[in-house]
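Inside the fold
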Amino acid sequence: MKIAVIGTGYVGLVTGTCFAETGNRVICCDIDEEKIEGLNLGRMPIYEPGLETLVDKNTKQGRLRFTTNIKEAVRASDVIFIAVGTPMSRTGNADLSFVKEAAETIGKHLNGYKIIVNKSTVPVGTGRLVASIVWHHAKGNVAFDVVSNPEFLREGEAVRDTMQMERAVIGTDSSRAFEIMEEIHRPFRTKIIHTSIETAEMIKYAANAFLATKLSFINDIALICERVGADVDQVSEGIGADSRIGKSFLQAGIGYGGSCFPKDTAALHYLAKINGFDFKMLEAAIETNFRQREDFVAKIEKTLGSLEGKVISVLGLSFKPNTNDVRYAPSLDVIPMLREKGAMVKAFDPAAISRAKRQLGYQCSYTDDIYEAIQNTDACAILTDWDEVKSLDLNKVKNLLNEPVIIDGRNVFDLDVMTQLGFTYVSIGRPAVTGRVEMKSSRGGNANG
């Protein structure tokens, strides 16, 4: 199959590369000349395990190429995937500007029957909107079908989630388009769910909203656990063993971030509102998520007292491990809160420093050496459970810190171990381990220089 993918972000680049891996001829295109030039030179614009190897393999074998010539890509392809960004607008709705631009470009350059596939996460009704835009600019001269085929990729696991996908939702009223889309997905040996366009669009939003709500639920349970002396990890294990509930997305922590959950929950809440429905459950999930960041900073302040002049090491800038994505990451809220309270911050991350700098600027100092970040700080705050964090030499950490204080937003370490080592260890929804904290004067100097 000849496939074009418009947009080379997380979804577009991974989708196009995996389609090439299954034997199709794929053109990935983007208006960003620097990004395309980098891809043609073998430079990855995103950090995604396994992706660079597949890109290199398929470009060398001639199944995958990159271009800024979207007109050429449209005319040379049978199936065109729209995989552009749909960022959150000021109202909370998805901004469809890039989707509309892609649809207009496709319409202007149609030269025969095409299947136009919405891969971007879009509100219900976008498929019909795309069809009308394409039809208008094609002037009704060429036949085409529009399909909704939402993605369900996890950053850091995106290649595996594509090559071993759990299901493929194909929303279309056209049997011709469905058969071709089914053929494209056959190598993945996945479950095919055939729906209308509108139903497919709703499935994507409903899935993300449910998972976000599940996370906020367990985070609220964690706050209650802290008040009554229960352990949220054991609560999660106990309720997750119920097959009706399941254990996934029951890990209490500092809250969700990334490119999907924050904007998709906001977009679904907006969609419900403009259709006359007050989605109170989802609104509460969104509020809980932000409150987790505030509560985390409050934990640090309660442990250390005044944060004025304190130096805090922050471990993790990306919203989750194995990605350099900092969109809606906890670090973007927590670090400014710490600075407002007078603390200085030394931040560690193995992949996301350059992107975090664009958002945070000089609010903290940065290093990709985890022990350098910890040295001479008054407390260590864990925001991302990178392998480098989980494998820390805790005896070394204890010696590097001014006092052995860790506030853990990801519940990385075992409570008994932290007790034996003499840490003051505060996590989410678990009993605090209280060591002796007599704050020394900070030896680290200006951590924000």
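What counts, and at which threshold
Residues numbered from 1 in each chain as written. Predicted model: local features only at pLDDT ≥ 70, side-chain atom pairs only at ≥ 80, totals over all residues. Heavy atoms only, no water. Helix = DSSP H or I, 4+ residues; strand = E, 2+ residues; numbered from the N terminus. Rg over C-alpha atoms; globule rule 2.2 N^0.38 Å. Buried < 20%, exposed > 50% of the residue type's maximum accessible area, 1.4 Å probe, protein only. Contact = heavy atoms within 4.5 Å. Areas by Shrake-Rupley, 256 points an atom, 1.4 Å probe, with all protein chains shown as cover. Lys, Arg positive; Asp, Glu negative; His and termini not counted. Charge placed at Lys NZ, Arg CZ, Asp CG, Glu CD. Pairing = 2+ DSSP bridges. Axes fitted to C-alpha atoms, helices over the stretch in contact; angles between N-to-C directions. Salt bridge = Lys/Arg side-chain N within 4 Å of Asp/Glu carboxyl O. Phe/Tyr/Trp six-rings, centres within 6.5 Å; stacked < 30°, edge-to-face > 60°. Lys NZ or Arg CZ within 6 Å of the ring centre and 35° of its normal. Expected span 1.5 Å × (residues − 1).

**Here we look at the overall build of the protein**
A tally of helices and strands in the protein yields 18 helices and 14 strands. Against the 2.2 N^0.38 benchmark of 22 Å for 449 residues, the protein shows a C-alpha radius of gyration of 24 Å, consistent with a compact globule. Taken along the three principal axes of its C-alpha coordinates, the protein extends 75 × 45 × 40 Å. Buried residues in the protein amount to 55% of all 449 residues. Contacts in the protein between residues at least 24 apart in sequence constitute 73% of all its contacts with a sequence separation of at least 6. For the protein, the accessible surface area stands at approximately 19900 Å², while carbon and sulfur atoms represent 49% of it. The distance from the centre of the 53 positive side-chain charges to the centre of the 57 negative ones in the protein is 3 Å.

**Here we look at the pairing of strand β12 (residues 379–382)**
Burial along β12 is two-sided: the residues Ala379 and Ala381 and Cys380 and Ile382 are all buried. Bridge count for strand β9 (residues 311–315) against β12 is 4 bridges, and the pairing is parallel. When the bridges of β12 are listed, Val314 appears paired with Ala381. Sheet analysis places β12 next to strand β13 (residues 405–408), joined by 3 bridges and oriented parallel. Residue pairing in the sheet places Ala381 in a bridge with Ile407 of β13.

**Describing the environment of Thr126**
Within the secondary structure, Thr126 sits in helix α6 (residues 126–138). Judged by relative accessible area, Thr126 falls into the buried class, the value being 4%. Sequence separation of Thr126 and Glu166 is 40 residues, and the distance between their C-alpha atoms is 24 Å.

**Some points on the sheet that holds β13**
A sheet is described by the order of its strands in space; here 6 strands give the open sequence β11-β10-β9-β12-β13-β14, paired in parallel fashion. Because the sheet does not close on itself, it has two edges, and the strands there are β11 (365–367) and β14 (424–426). Pairs of neighbouring strands in the sheet enclose a mean axial angle of 20°, with direction left out of account. Across 3 bridges, the pairing between strand β10 (residues 344–348) and β11 is parallel. Note on β11: the bridge partner recorded for Ala347 is Tyr366. Sheet strands in contact with helix α12 (residues 280–304) are β9, β12, β13 and β14, and its direction is about 160° off that of β13. On the sheet, helix α13 (residues 330–340) packs against β9 and β10 and is oriented at approximately 155° with respect to β10.

**So, the pattern of salt bridges**
For the structure on display, the rule yields 23 salt bridges. Put simply, Arg291 and Asp220 hold a salt bridge, and the shortest N to O gap is 2.2 Å. Remark: Asp220 occurs in helix α9 (residues 197–228) and Arg291 occurs in helix α12; sequence separation between them is 71 residues. Across the pair Arg293 and Asp333 runs a salt bridge whose closest N-O atoms are separated by 2.7 Å. Taken together, the residues Arg293 in helix α12 and Asp333 in helix α13 connect sequence positions 40 residues apart. According to the relative accessible area criterion, Arg293 is buried, its value standing at 3%. One continuous salt-bridge network, built from bridges that share partners, spans Arg128, Asp173 and Glu198.

**A closer look at the packing of aromatic side chains**
The geometry of two aromatic rings is summed up by the distance between their centres and the angle between their planes. The final tally for this structure, using the stated rule, is 8 aromatic pairs. Note on Phe249 and Phe261: the rings are 6.0 Å apart at their centroids and 45° apart in plane angle, and the pair reads as tilted. Of this pair, Phe249 sits in the loop between α10 (232–240) and α11 (261–274) while Phe261 sits in helix α11; the two residues are 12 residues apart in sequence, bridging distant segments of the chain. Phe261 sits in the buried class, given a relative accessible area of 12%. Taken together through their ring pairs, the aromatic side chains of Phe19, Phe81 and Phe188 make up a single cluster. A cation sits over an aromatic face here: Arg176 above Tyr113, 3.5 Å from the ring centre.

**Side note on helix α1 (residues 10–21)**
If you check α1, its first and last C-alpha atoms are 16 Å apart, about what 12 residues at 1.5 Å a residue would give, namely 16 Å. Burial analysis of α1 places 11 of its 12 residues in the buried class, which makes it a mostly covered element. Restricting attention to buried positions, one finds in α1 the residues Tyr10, Val11, Gly12, Leu13, Val14, Thr15, Gly16, Thr17, Cys18, Phe19 and Ala20. After α1 finishes, the residue Gly23 shows a positive phi value of roughly 105°.

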